[in-house]
Amino acid sequence: QVQLVESGGGLVQPGGSLRLSCATSGMIFSTNAMAWYRQAPGKHRELVTVIGFGGSTKYDDSVKGRFTISRDNAKNTVYLQMNSLKPEDTAVYYCNVPRSWYSNDAVFSWGQGTQVTVSS
């Protein structure tokens, strides 16, 4: 059974930084692309960024230049470094294996997510 456990969220002021982690188990991590998604209050879950098994990346325009996705295949973990955070980044963040690099669909059941709140 695949497990996705997100952590690292919290309350941060605008302009601040956070680093999210997603520990995975029950899947062959190294041969899968991984993605971060987010769901803001009252909105649908959306794809934020993807990293391929070879390390190639794609970012939504709203986070380009501010967020960095990375992966550690030895630890079966994917990370999201978030800098220059804005109030509009407030959301619950989730990781998953993407069905596509251009849709919001994911392969596995969702984990509990980690709450990121950007507020002064």
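Residues numbered from 1 in each chain as written. Predicted model: local features only at pLDDT ≥ 70, side-chain atom pairs only at ≥ 80, totals over all residues. Heavy atoms only, no water.

## A closer look at the environment of Pro98
Line of reasoning, step 1. For Pro98, the location among the structural elements is in the loop between strand E9 (91-96) and strand E10 (114-118).
Line of reasoning, step 2. In this structure the C-alpha to C-alpha distance between Pro98 and Glu6, which are 92 residues apart in sequence, comes to 16 Å.
Line of reasoning, step 3. Not counting residues within four places of it along the chain, the set of residues in contact with Pro98 comprises Ala33, Met34, Ala35, Tyr37, Val50, Asp105, Ala106 and Val107. (Helix = DSSP H or I, 4+ residues; strand = E, 2+ residues; numbered from the N terminus. Contact = heavy atoms within 4.5 Å.)

## A short note on the pattern of salt bridges
Line of reasoning, step 1. Inspection of every chain in the model, using the stated rule, returns four salt bridges.
Line of reasoning, step 2. A salt bridge links Arg66 to Asp89; the shortest N-O distance between them is 2.7 Å. Here Asp89 lies in the loop between strand E8 (77-82) and E9 and Arg66 lies in the loop between strand E6 (57-59) and strand E7 (67-72), a separation of 23 residues in the sequence. As far as the burial class goes, Arg66 and Asp89 line up, both buried.
Line of reasoning, step 3. Counted as one network, the salt bridges with shared partners bring together Arg38, Glu46, Arg66 and Asp89. (Salt bridge = Lys/Arg side-chain N within 4 Å of Asp/Glu carboxyl O. Buried < 20%, exposed > 50% of the residue type's maximum accessible area, 1.4 Å probe, protein only.)

## Details of the packing of aromatic side chains
Line of reasoning, step 1. With the rule as written, the count across this model stands at two aromatic pairs.
Line of reasoning, step 2. Ring geometry for Tyr37 versus Trp110: centroids 5.0 Å apart, planes at 85°, classification edge-to-face. Taken together, the positions of Tyr37 in strand E4 (residues 34-39) and Trp110 in the loop between E9 and E10 put the pair 73 residues apart, joining distant regions of the chain.
Line of reasoning, step 3. Taking relative accessible area as the criterion, Tyr37 reaches 0% and is therefore assigned buried.
Line of reasoning, step 4. An angle of 70° between the planes, with centres 5.7 Å apart, marks the rings of Tyr94 and Trp110 as edge-to-face. In this pair, Tyr94 sits in strand E9 while Trp110 sits in the loop between E9 and E10, placing the two residues 16 residues apart along the sequence.
Line of reasoning, step 5. Of the residues examined, Tyr94 reaches a relative accessible area of 11% and is grouped as buried.
Line of reasoning, step 6. What makes Trp110 partly exposed here is its relative accessible area of 30%.
Line of reasoning, step 7. Taken together, the aromatic side chains of Tyr37, Tyr94 and Trp110 make up a single cluster linked through ring pairs.
Line of reasoning, step 8. Above the face of the Tyr79 ring, Arg19 is positioned so that its terminal group lies 4.0 Å from the ring centre. (Phe/Tyr/Trp six-rings, centres within 6.5 Å; stacked < 30°, edge-to-face > 60°. Lys NZ or Arg CZ within 6 Å of the ring centre and 35° of its normal.)

## Considerations on the pairing of E7
Remark: a regular strand shows side chains that alternate across the two faces of the sheet.
Line of reasoning, step 1. Covered by surrounding structure in E7 are Phe67, Ile69 and Arg71 only, the residues Thr68, Ser70 and Asp72 on the alternate face being uncovered.
Line of reasoning, step 2. Pairing of E7 with E8, which is carried by six bridges, proceeds in the antiparallel orientation. Looking at the pairing, Arg71 lines up with Val78 of E8.
Line of reasoning, step 3. Between E7 and E8, which pair antiparallel in sequence order, lie four residues; one of them, Asn76, sits at a positive phi of approximately 55°. (Pairing = 2+ DSSP bridges.)

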